[in-house]
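Given next are the chains, with one letter for each unit.
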Amino acid sequence: MRQKYTITIADIEMNVISDESPEAVEALVGLVDRKMREICAASKRCSKTEAALLCALDYCSERIKSQRKLKALEAKLAMTEATLEEVLAENEELKAQIG
C-alpha cells in the first residue's frame with residue numbers, strides 16, 4: 001500500500017511516497033543519510049548536492065557489479081543444471097544396463 005513519508009537526509013527534509021514498510025523506509029533513509037554524512041565529513045568543501053550525486057554514483061556502481069555477478073552466477077547455475085541432467089540421464093542408462 002502506497003504511503004507518504006516525511007524523511008530527512010543530511011538535514012534535508014522531503015516527502016516521499018513508497019510501497020515499503022515504515023521500517024524499510026527508515027533503514028534506507030538511515031543508510032543514505034550515513035553515506036552522505038561520511039562523504040561530507042571526508043571533504044568539507046563537498047556540497048550536499050555533490051554528496052547526493054556521489055551516493056548515486058556509488059549505488060549505481062555497486063548495482064552494476066551486482067548485476068554482473070548475478071549474471072555470472074546464473075550462467076554457472078545453468079551449466080551445473082545441464083551437467084546434472086547429463087549425469088542423471090547417464091545414471092538412468094546405467095541402471096537400465098544393469099537391471
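Please read these numbers as outputs of a predicted model, since none were measured by experiment. (Residues numbered from 1 in each chain as written. Predicted model: local features only at pLDDT ≥ 70, side-chain atom pairs only at ≥ 80, totals over all residues. Heavy atoms only, no water.)

A separate point is the overall build of the chain. Summing up its helical and strand segments, the chain has 2 helices and 2 strands in all. Its helices and strands in sequence order give the chain the pattern β-β-α-α, from N to C terminus. A compact globule built from 99 residues would reach a C-alpha radius of gyration of about 13 Å, whereas the chain, at 24 Å, exceeds it by more than 25%. Expressed as a percentage of its 99 residues, the buried residues of the chain come to 14%. In the chain, 16% of the contacts between residues at least 6 apart in sequence involve partners at least 24 apart. For the chain, the exposed area adds up to about 8,400 Å²; of that, 59% sits on carbon and sulfur atoms. Of the charged side chains in the chain, 15 are positive and 18 negative; the average position of the first set lies 10 Å away from that of the second. (Helix = DSSP H or I, 4+ residues; strand = E, 2+ residues; numbered from the N terminus. Rg over C-alpha atoms; globule rule 2.2 N^0.38 Å. Buried < 20%, exposed > 50% of the residue type's maximum accessible area, 1.4 Å probe, protein only. Contact = heavy atoms within 4.5 Å. Areas by Shrake-Rupley, 256 points an atom, 1.4 Å probe, with all protein chains shown as cover. Lys, Arg positive; Asp, Glu negative; His and termini not counted. Charge placed at Lys NZ, Arg CZ, Asp CG, Glu CD.)

What follows covers the layout of surface pockets. Its volume calculated, the largest pocket comes out at about 270 Å³. Together, Leu28, Leu31, Val32, Lys35, Met36, Ala52, Cys55, Ala56, Asp58, Tyr59 and Glu62 line the largest pocket. Put simply, the parts of the chain that give the lining of the largest pocket at least two residues each are α1 (22-42) and α2 (48-98). Per-element tally for the lining of the largest pocket: the top contributor is α2, with 6 residues. Looking at the lining of the largest pocket, its residues break down into 8 nonpolar, no polar and 3 charged. (1 Å grid on protein atoms, 1.4 Å probe; cavity = no way out; pocket = protein on both sides within 12 Å on 5 of 7 lines; lining within 4 Å. Points joined across faces, edges and corners; volume = space filled by probe spheres on them. Nonpolar A, V, L, I, M, F, W, Y, C, P; charged D, E, K, R; others polar.)

Now for the pairing of strand β1 (residues 3-9). Taken together, the 7 bridges between β1 and strand β2 (residues 12-18) define a ladder with antiparallel strand orientation. If you follow Lys4 over to β2, its bridge partner there is Ile17. Counting the residues in the hairpin turn of β1 and β2 gives 2 residues, including Ala10, whose phi is positive at 55 degrees. (Pairing = 2+ DSSP bridges.)

Let us look at the pattern of salt bridges. As enumerated under the stated definition, the model contains 5 salt bridges in all. Here Arg37 makes a salt bridge to Asp33, at a shortest N to O gap of 3.0 Å. Of this pair, Arg37 and Asp33 both sit in helix α1, 4 residues apart, which is roughly one turn of the helix. According to the relative accessible area criterion, Arg37 is partly exposed, its value standing at 39%. (Salt bridge = Lys/Arg side-chain N within 4 Å of Asp/Glu carboxyl O.)

In this structure, Met36 sits in helix α1. Assessed through its relative accessible area of 5%, Met36 is described here as buried.

Moving on to the nonpolar core. Counting 11 residues, the largest nonpolar core consists of Tyr5, Ile7, Ile9, Ala10, Val25, Val29, Met36, Ile39, Cys46, Ala51 and Cys55. When residues of this core are traced back to their parent elements, those giving at least two are β1, α1 and α2. It is α1 that contributes the most residues to this core, 4 residues altogether. Contacts of Ile7, omitting those with residues within four sequence positions, involve Ile12, Glu13, Met14, Val16, Val25 and Val29. (Core = buried A, V, L, I, M, F, W, Y, C linked by side-chain atoms within 4.5 Å.)

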